Amino acid sequence: MKLAVFVGAKGRGSNLMAVHAGIQSGDIPAVIAVVVGTDESAPALERARDAGLETGVVRAKGRPDDAYADELVSVLRQHEVGGIVLAGYLRRLPDAVVDNWKHKIVNIHPALLPSFGGKGMYGQHVHAAVLAYGAKVSGCTAHLVDNDYDTGPVVLQRCVPVLDNDTPETLSARVLSVEHPTLVEAVALMAAGRLRVDGRLVRIVDNPDS
Ligand code: GRF
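Caption draft 1: Seen up close, the site of the ligand. Lining the immediate surroundings of the ligand are G11, R12, G13, S14, N15, G88, I108, H109, P110 and E179. A distance of 2.6 Å is found between an oxygen atom of the ligand and a side-chain nitrogen or oxygen belonging to S14. In isolation the ligand exposes 370 Å². Once the protein is present, 89% of that is buried. Elements with a minimum of two residues in the shell around the ligand: α1 (14-24) and β5 (105-109). Of the residues belonging to the shell around the ligand, the class tally is two nonpolar, six polar and two charged.

Below you can see the structure in the form of structure tokens.
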């Protein structure tokens, strides 16, 4: 499967690099055809270029939504993309992308959805909210992407403890350490055709042809 990995304007690109490493080690049966960002100077795009990956910038701000969506679809088609990974991408994906790559888009969220998700729940906002609530566990969720923020069917979740003396930074680091293997596993399952979606339930099958 040819993948596009979408990164955010300020993203570090650690999930992108985890996917790249997962491909190189043979754990993910796919290739990264293109890394897509909205801002040329995104640190994650720089990491992608340093790793020798093809990159594309599709500007989102200051232009009509349709123009952004059309250009995204055309970049994805040009690279014959079969699956998409959102790795720190913060915008709502245009419907044209979600509808054309239905059940072929995986996002990683740094909390246990449906808690601490939705618009504006990203980065340290998530971990600060978990701590403010007094939750005892947090974790990450790899999910398929639908037309809203963080609401698509769950593929995999992993938990970490929340400690009494945690700060958003220490909790974020603990969650990030489970994000990487969780995203790699979810992308590997999608690329291998091993996900079956039944309403909100995602089943993992052994045989892609079943
Ligand atoms: C991660 O915490 C991920 O869960 C969220 O955005 C962050 C991206 O980090 N969607 P990185 O750029 O992959 O290091």
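Caption draft 2: Expanded view of the sheet that holds strand β1 (residues 2-7). A sheet is described by the order of its strands in space; here seven strands give the open sequence β3-β2-β1-β4-β5-β6-β7, paired in mixed fashion. Only two strands of the sheet have a single partner each, and these edge strands are β3 (55-57) and β7 (154-161). Going across the sheet, the axis of each strand differs from the next one's by a mean of 20°, ignoring polarity. Here α1 sits on the sheet and contacts β1, β2 (31-37), β4 (83-87) and β5; the angle it forms with β2, its principal contact strand, is near 170°.

Caption draft 3: Up close: the environment of C140. Within the secondary structure, C140 is located in strand β6 (residues 137-144). Take C140: its relative accessible area is 0%, and that puts it in the buried class. Residues C140 and P114, 26 residues apart in the sequence, show an inter-C-alpha distance of 11 Å. With near-sequence residues (within four places) excluded, C140 lies in contact with I108, H109, P110, A111, L112, L156, Q157, R158, V175, V178, E179 and T182.

Caption draft 4: Main features of unusual backbone geometry. Cis geometry marks the peptide bond from L113 to P114; its omega dihedral reads 15°. Here P114 lies in the loop between β5 and α5 (123-133). Unlike most non-glycine residues, E80 shows phi in positive territory, near 50°. Along the polypeptide, E80 turns up in the loop between α3 (65-78) and β4. Here D150, not a glycine, exhibits a phi torsion of approximately 65°, which is positive. Here D150 shows up in the loop between β6 and β7. The buried category is assigned to D150, whose relative accessible area is 15%.

About the cut-offs
- Residues numbered from 1 in each chain as written.
- Predicted model: local features only at pLDDT ≥ 70, side-chain atom pairs only at ≥ 80, totals over all residues.
- Heavy atoms only, no water.
- Near = heavy atom within 4 Å.
- Polar contact = N/O pair within 3.5 Å; in protein donor to acceptor, adjacent residues only side chain to side chain.
- Areas by Shrake-Rupley, 256 points an atom, 1.4 Å probe, with all protein chains shown as cover.
- Helix = DSSP H or I, 4+ residues; strand = E, 2+ residues; numbered from the N terminus.
- Nonpolar A, V, L, I, M, F, W, Y, C, P; charged D, E, K, R; others polar.
- Pairing = 2+ DSSP bridges.
- Axes fitted to C-alpha atoms, helices over the stretch in contact; angles between N-to-C directions.
- Contact = heavy atoms within 4.5 Å.
- Buried < 20%, exposed > 50% of the residue type's maximum accessible area, 1.4 Å probe, protein only.

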